[in-house]
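Below, each chain spelled out in residue letters.
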Amino acid sequence: MAYFDAASTEPLHPQAREALIEALDAGWADPARLYGPARRARMLLEQARAEVAEVIGARPDEVSFTASGTQAVHLGVLGALLGRRRAGRRLVVSAVEHSAVLHAAALHERDGGTVETVGVNRAGAVDPAAFGAAAGAEGTALACLQSANHEVGTLQPVAEAAAACAEAGVPLLVDAAQTVGRAPVPADWSVLAASAHKWGGPAGVGVLAVRKGVRWRSPLPEDDRERRRVPGFENVPAIIAAAVALRAVAADAARESARLSALVDRIRSEVPRTVPDVEVIGDPVARAPHIVTFSCLYVDGEALLTELDRAGFAVSSGSSCTASTLRPSHVLEAMGVLTHGNLRVSLPRGASAADVDRFLAALPDMVKRIREDAGMQP
Amino acid sequence: MTAGQTTAEGAGQPPALTIDALGKKCPIPIIMLAQQINDVPREAIVSVLADDPAAFTDIPAWCRLKSHHHVASHELPSGGWAIHVRRNY
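If you're wondering where the values come from, they're calculated on a predicted model, not measured in any experiment. (Residues numbered from 1 in each chain as written. Chains lettered and ligands numbered in written order. Predicted model: local features only at pLDDT ≥ 70, side-chain atom pairs only at ≥ 80, totals over all residues. Heavy atoms only, no water.)

What about the interface of chain B and chain A?
- Listed by partner, the interface residues are 17 residues for chain B and 21 residues for chain A.
- For the pair chain B and chain A, the summed buried area comes to about 1500 Å², and 61% of that belongs to carbon and sulfur atoms.
- Our enumeration of links across chain B and chain A arrives at two salt bridges.
- Its salt-bridge partner being Asp277 of chain A, residue Lys66 of chain B comes within 2.7 Å of it at the nearest N-O pair. (Contact = heavy atoms within 4.5 Å. Buried area = accessible area lost by both parts, 1.4 Å probe. Salt bridge = Lys/Arg side-chain N within 4 Å of Asp/Glu carboxyl O.)

Focus on the UniProt feature "domain: UPF0033" (unreviewed entry) in chain B
- UniProt marks residues 18–87 of chain B with the feature "domain: UPF0033" (unreviewed entry), using the numbering shown here.
- Regarding residues 18–87 of chain B, the helix share stands at 33% and the strand share at 33%, and the terminal C-alpha atoms are separated by 13 Å. (UniProt positions renumbered as here; feature names shortened; annotations may be inferred. Helix = DSSP H or I, 4+ residues; strand = E, 2+ residues; numbered from the N terminus.)

What about the sheet that holds strand β8 (residues 206–210) of chain A?
All names here are of chain A.
- The strand order across the open sheet formed by seven strands is β2-β8-β7-β6-β5-β3-β4, and the pairing between neighbours is mixed. Strands at the two margins of the open sheet, each flanked by one partner only, are β2 (63–66) and β4 (114–118). This sheet shows a mean twist of 20° between the axes of neighbouring strands, independent of strand direction.
- As judged from the four bridges shared by strand β5 (residues 140–146) and strand β6 (residues 172–175), these two strands associate in the parallel manner. Bridge pairing in β6 links Ala143 to Leu172.
- On top of the sheet, helix α4 (residues 99–110) reaches β3 (90–94), β4, β5 and β6; it is set at about 155° to β3, its chief contact.
- Running at roughly 160° to β6, helix α6 (residues 158–168) makes contact with β5 and β6 of the sheet. (Pairing = 2+ DSSP bridges. Axes fitted to C-alpha atoms, helices over the stretch in contact; angles between N-to-C directions.)

A short note on the layout of surface pockets
All names here are of chain A.
- If you add up the space inside the largest pocket, you get close to 620 Å³.
- In terms of lining residues, the largest pocket is bounded by 26 residues, among which Ser99, His150, Glu151, Ser329 and His330 are the most central.
- Its residues placed into classes, the lining of the largest pocket shows five nonpolar, 16 polar and five charged.
- Three or more residues apiece are contributed to the lining of the largest pocket by two domains, here domain 1 (14–251) and domain 2 (253–373). (1 Å grid on protein atoms, 1.4 Å probe; cavity = no way out; pocket = protein on both sides within 12 Å on 5 of 7 lines; lining within 4 Å. Points joined across faces, edges and corners; volume = space filled by probe spheres on them. Nonpolar A, V, L, I, M, F, W, Y, C, P; charged D, E, K, R; others polar. Domains from an automatic or database assignment.)

Focus: empty space enclosed by the protein
All names here are of chain A.
- The final tally for this structure, using the stated rule, is one cavity of 30 Å³ or more.
- Taken as a whole, the largest cavity encloses approximately 50 Å³ of empty space.
- Every residue along the wall of the largest cavity is listed here: His98, Gln146, Ala148, His150, Asp175, Ala177, Gln178 and Lys198.
- Across the lining of the largest cavity, the residue classes tally to two nonpolar, four polar and two charged.

Written out as structure tokens, the structure reads:
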């Protein structure tokens, strides 16, 4: 099986697997207690925190571990809104944020707050001036912008957005789930969210970082864990493994990202050459290194996923027929691009050029067959 | 709700052909449009009736890719849209 769905989850890094097994024995005790095994668990937890903090450009005391990336986003958004309630109840988000951000925004709206959604261009990026103007409007408590889009890979102008937010005195939450461990983390975030299983750590570990001085209050019942930011007993072994994975992938990120990016370039140029009526989506240059998305006219996305699975390729799709909601991806809709026949190929670290070539060789016939079955003659 | 690409060009012109794709999932409404657009003269309007939400995004996108013109998308009282496309060539 050629696994090309890293944007959903990256396979566990071998060093993380080793660290996890060791940590199950070394880090099982309650890090809040004062006896030997507890002190050891706490030491390992704090070491992991320091390592993650270094990679994301934070101080260790700014970093909390959550139960998932989604929980990090929910707590980041709702906690920053609560902390800034006196400034106003206006939340600004881009139209292509992850559903974790948009669902938190919907909750805020149901709770009487307001949400302004900033649209994107055909490539999927916000206009920094429009985003800055929205963030600068009276009563804005928080603005949210992802580092890179999870479906099309397009990078967002985070630095410009952050400058505009700083000028307006509005905190910026950056959802960096797709880029931590693959690309440098934008420096000027106020709140940062990330997810360990996207960088090769185990599932069940998210990262919530809140810059010192940024007002934040937990939207959940009080709890002492993780500097009172995240309720519940920490999953110390998984956190240790996540930190080990991050250190390993960050050390190799520049080289591996360049290699994957070249493979993505090959897919971006080859697919339109060998498959007629294809729209390759997202910014060709300002993009995450590992994600490429395209839509094939007249093709049922679900049929294409099934054929690819049968041929040994694991990919995903933003087409409505593949979603439980039967709605097309909000990202593709916001971009105004073709939503049916959509495929997202996202390369995990170590993805081989041979597998990519095999995919490129198999795709044209599959698309042709599905179109013929649907009555579309070439 | 009307789509962003809507322009006045061709607006008000009655459709020369109506394709009923109500209840059909994408890509079927687009396939029906692609198969039938050449049945109308150049500059004439085809109206696609569709209620799959994907059609609302995808028919304007198809027009852009195929260099036809998306005139407007009119909401239908019974749900869905009448999506008007002008044959350009």
